[in-house]
Amino acid sequence: MAELCLIDFSSDSLKKTKQTIALLQVILTMTQQFKQENTHVNALHNNQKINDIMTYIEDHFGEQLDLHTVANVFFMAKSTLSKLFKRETGYFFSDYLRLIQIRASVTELLYTKKSIETIAIDNGFKTAKTFRQQFKKIIGVPPTTYRQKQQQQPNSTVSMITETKNASILTPLYRYADIVSNEELPLLTTSKHQQLTITPKAPTKLEKPGVIINIESLECLSRKSVQADICALIKIANIKYIGIHSLINEIPIASQIYQEERINAFPQFEELDNSFAFLDEYKLELFYNFSLTVYSQRNHKESTYILEFIQHYNRTRIQKQQPLWHFNCLLDLNSLSRNTEMFTDVATILKKHLPSCRVGAEMPIDDPFTTNYINPMYYTKVFVKCDFLSFVADPNHVFFNADNFKDKQSNQRYVIEKTRFIKQQMQLHGIDCPLYLSDWNTLTGNTRRSNGYFFRGAIIVNDLIALNHLVDGYGFWLNIEIYEKHGRSNNVHPDGLELFHYFSGKRPTYFSLELTQRLEGEIISQGDNYLLTGYNGHYQLLLWHTTYFNPVYSSEEIFVAGHAMSFSITMNNLKQANYQVKQLEFNRHHGALFYAYDKFQEAPSLDYETQTYINAATHLQLKNYLFRCSPKKSLSLTLDANAVVLLEFNSLSN
């Protein structure tokens, strides 16, 4: 009902369609709720099956679905499915399918330049003629007319309703829509305040794990744009490793031909010489994610290939000292004995030809993980022989398994929980070696829109602070272009913690890393949402406001603004003096690249000058002011949803 009210208040172009679907869900729920007791068990069964069928339709409506196809998927007769669907929803199957398809097509009509024929096929219609007929039947006008009419009108968003007298009711409605509960909820308001008293304690070491920059292949490192981005990162973070999954994307045909003819006139690794020089210049090491599956399929050829690579590097490198490269073996889970044999073989070869290298393994714990996932024999047969261990963590797999948002929300601490579980298992089996989180993500959903518009600065910062004491290194993808290429070939989601967008635009992950790496000295106080460090009479206070809500609402301005938090901060037992405070603010409006792009949504395309302007405009907000520290003096700050603030107190008395 709350969602239905929100739709009614909005100026959404899909308002009519969304209202129809929301009403359908309300009626379906009420119908099932008031069935007689003697059919209650059957009703629950039908309810779950219908929910599964409707979810399937939502996920596959673009595949030219029909009653026969869906009936086969759910092992039902066509007639049975048709009657059940009509009885439980009040809609004929075909009518409901058309409703979903038309709803999706409206978005493409408004926000893409696709032809009517392409939109029809993309949304499951066999012909453009059928699409036009159904669109006019549901919306009231042909799709071409609808597109022209909407494009002539100025863009309207939900934020327009702030000018109405009913705007005050929206935040409580959003809260009701966002919370899954069977209990009666109190009316929530936008005003939230927290009193924060920070008292220094015994100092502890501030850990800064090594950062791994993933770039897919070593060949990528020869590109000037990639080198420029890495150089920018070196200035703000403890970059130690370049993570790769292959050496060369594809060996040149000329090189292959010359090798077959045994003519040494076309160096096999010539493309990598610039990469070697860059590694040597900036004292960076490789973190090579090496697949044992590939090794087992092409045993002799693959081992020879790696040896030739190592020999080429030894001949051409500028620095003569042995590199501390990490070879991270990705295990083949089909056979424990085969894993052990292959790992031993690879480790022996690598150690012989590159004695200084480190050979480790990625722990075979898929997401979502369970506490009894790894065969205990791996610890005694493989992991005990490793110089290091690694793992990956992506909580967004939960979105495919959780029944509702509340279940998904419970996995906010997924990455930290998985890391702690692995540390416990290592301790339990007596394994003491470095641990690397080579690739990870935060809980943001499984669409590009939620990944881009769900600002998650504080969520990333919160995880980074916790990971500092749990791992020896963590990895990030350099940019979305490289990650997409890797994702398409390795069946992973194209929404990760990339540091850059196109044209070196800085993503929120970049600023999250910059702020946490900026901290110096020792930790003298720490809480759930702050970290205070001190050195030589100077202090740094990192404060973040972690707010996790359904990413669907991330572009609703009123809803997000309603999650702001005001802080009154009292600093106890600090040196009473005058401090010049440098304040760096990181929030949706200062550091969120997709929000910067929003200002140019009306443009059909963006040229290089506009892209450069957007990238330059996306940065942290900097303030400077004088602060007199005394027992009765407090600081007042307001943090937006998932905002981060770094305060640097520089004593003027020194």
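In this text, all values refer to a predicted model and were calculated from it rather than measured experimentally. (Residues numbered from 1 in each chain as written. Predicted model: local features only at pLDDT ≥ 70, side-chain atom pairs only at ≥ 80, totals over all residues. Heavy atoms only, no water.)

(A) Structural view of the packing of aromatic side chains. Overall, the coordinates contain 36 aromatic pairs when judged by the stated rule. Ring centres of Trp 477 and Tyr 483 lie 4.9 Å apart, and the angle between their planes is 50°; on these two criteria the pair is classed as tilted. Relative accessible area serves as the criterion here: at 1%, Trp 477 is assigned to the buried category. The exposure class assigned to Tyr 483 is buried, which follows from its relative accessible area of 6%. Members of the aromatic cluster, each reached through a chain of ring pairs, are Phe 455, Phe 500, Tyr 510, Phe 511 and Phe 586. It is Lys 506 that lies over the ring of Tyr 510; its NZ or CZ is 5.3 Å from the centre. (Phe/Tyr/Trp six-rings, centres within 6.5 Å; stacked < 30°, edge-to-face > 60°. Buried < 20%, exposed > 50% of the residue type's maximum accessible area, 1.4 Å probe, protein only. Lys NZ or Arg CZ within 6 Å of the ring centre and 35° of its normal.)

(B) Geometry of the environment of Trp 544. Note on placement: Trp 544 falls in strand E14 (residues 538–544). A residue is classified by how much of its surface remains accessible, and Trp 544, at 1% relative accessible area, is buried. Discounting residues that sit within four places of it in the chain, Trp 544 has contacts with Ala 458, Val 461, Asn 462, Ile 465, Asp 528, Asn 529, Tyr 530, Leu 531, Leu 639, Ala 643 and Val 644. (Helix = DSSP H or I, 4+ residues; strand = E, 2+ residues; numbered from the N terminus. Contact = heavy atoms within 4.5 Å.)

(C) Expanded view of the pairing of strand E13 (residues 530–535). Within E13, five of the six residues are buried, leaving the element largely enclosed by the surrounding structure. As defined by bridge partners, strand E12 (residues 522–526) adjoins E13 across four bridges and the pair is classed as antiparallel. In the strand pairing of E13, Glu 522 is matched with Gly 534. The turn joining E12 and E13, which pair antiparallel and follow one another in sequence, is formed by three residues. Where E13 lies against E14, six bridges are found, and the strand directions are antiparallel. Bridged to Leu 532 within E14 is Leu 541. In sequence, E13 turns back onto E14 through a hairpin of two residues, with Asn 536 there showing a positive phi of about 50°. (Pairing = 2+ DSSP bridges.)

(D) Seen up close, the pairing of strand E6 (residues 326–330). Most of E6 sits out of view: five of its five residues are buried. Of the two faces of E6, the one lined by His 326, Asn 328 and Leu 330 and the one lined by Phe 327 and Cys 329 are each fully buried. With five bridges joining them, strand E5 (residues 285–291) and E6 adopt parallel strand pairing. Along E6, the bridge assignment pairs Phe 287 with His 326. The pairing of E6 with strand E7 (residues 358–362) spans five bridges and is parallel. Residue Cys 329 lies in a different strand from E7, and its bridge partner there is Ala 361.

(E) Representation of the packing of helix H21 (residues 457–467) against helix H23 (residues 508–518) in the model. Direction vectors running N to C along H21 and H23 enclose 45°, while the axes themselves pass 9 Å from each other. As summarised for this structure, H21 and H23 are arranged oblique, according to the angle between their axes. Judged by the twist between their axes, the crossing of H21 over H23 is right-handed. For the pair formed by H21 and H23, the contact residues are Gly 457, Ile 460, Val 461, Leu 464 and Ile 465 on the first element and Thr 509, Ser 512, Leu 513 and Thr 516 on the second. Among the residues making up the contact of H21 with H23, the classes are represented as five nonpolar, four polar and no charged. (Axes fitted to C-alpha atoms, helices over the stretch in contact; angles between N-to-C directions. Parallel < 35°, antiparallel > 145°, perpendicular 65-115°, else oblique. Left-handed = near helix turned anticlockwise from the far one by under 90°. Nonpolar A, V, L, I, M, F, W, Y, C, P; charged D, E, K, R; others polar.)

(F) Just helix H13 (residues 273–281), in detail. Considered for burial, the residues of H13 that qualify are Ser 275, Phe 276, Phe 278, Leu 279 and Asp 280. In the stretch just after H13, Lys 283 is the one whose phi turns positive, near 55°.

(G) Molecular detail of the nonpolar core. If you look at the biggest cluster of nonpolar residues, it comprises 106 residues, and the most contacted ones within it are Ile 213, Ile 215, Phe 309, Phe 383, Trp 440 and Tyr 474. Residues contacting Tyr 474, with those up to four places away along its chain left out, are Pro 209, Gly 210, Val 211, Ile 212, Leu 437, Trp 440, Leu 464, Leu 467, Asn 468, Leu 513 and Gln 517. Counting residues in hydrophobic clusters, the runner-up holds 36 residues, among them Met 76, Ile 100, Ile 116 and Ala 120. (Core = buried A, V, L, I, M, F, W, Y, C linked by side-chain atoms within 4.5 Å.)

(H) Molecular detail of the side chain of Glu 498. With respect to the helices and strands, the residue Glu 498 is situated in strand E11 (residues 498–500). For Glu 498, the side chain forms a polar contact with the side chain of Arg 507, separated by 3.3 Å. Among all residues touching Glu 498, those that are not within four sequence positions of it are Asn 451, Trp 477, Leu 478, Asn 479, Ile 480, Arg 507 and Thr 509. (Polar contact = N/O pair within 3.5 Å; in protein donor to acceptor, adjacent residues only side chain to side chain.)

(I) Geometry of the sheet that holds strand E16 (residues 578–586). The seven strands lie next to each other as E2-E12-E13-E14-E19-E16-E17, forming an open sheet whose pairing is antiparallel. The two strands at the open ends of the sheet, each matched to only one other strand, are strand E2 (204–205) and strand E17 (621–628). Pairing of E2 with E12 involves two bridges; the strand directions are antiparallel. Counterpart to Lys 205 in the pairing with E12 is Glu 522. On top of the sheet, H21 reaches E12, E13, E14, E16 and strand E19 (644–651); it is set at about 125° to E14, its chief contact. Across the sheet, H23 touches E14, E16 and E19, and the angle it forms with E16 is around 155°.

(J) Main features of the sheet that holds strand E1 (residues 193–198). Taken together, the three strands give an open sheet; going across it, the order is E1-E15-E18, and neighbouring strands pair in mixed fashion. If you trace the sheet from one side to the other, it starts and ends with E1 and strand E18 (634–639), each paired once. The mean angle between the axes of side-by-side strands here comes to 20°, regardless of whether they run parallel or antiparallel.

(K) The arrangement of the state of the cysteines in detail. Scanning all chains against the criterion turns up zero disulfides. Left without a disulfide partner, Cys 357 is nearest to the cysteine sulfur of Cys 329, which lies 9.6 Å away. By relative accessible area, Cys 357 is classed as buried at 0%. (Disulfide = S-S within 2.5 Å.)

(L) Highlighting the confidence of the model for the chain. For the chain, mean pLDDT is 81; residues scoring 70 or higher make up 80% of the total. Low confidence marks residues 36–45, where pLDDT is under 50. Its contacts with residues over four positions away, or in another chain, come to one contact. The low-confidence segment residues 180–191 (pLDDT under 50) makes 13 contacts with residues lying over four places distant or belonging to another chain. (pLDDT = per-residue confidence, 0-100.)

(M) The arrangement of the side chain of Asn 328 in detail. Within the secondary structure layout, Asn 328 lies in strand E6. Here the side chain of Asn 328 touches Asn 289 through a polar contact of 2.8 Å, side chain to side chain. At 2.9 Å, the side chain of Asn 328 forms a polar contact with the side chain of Ser 390.

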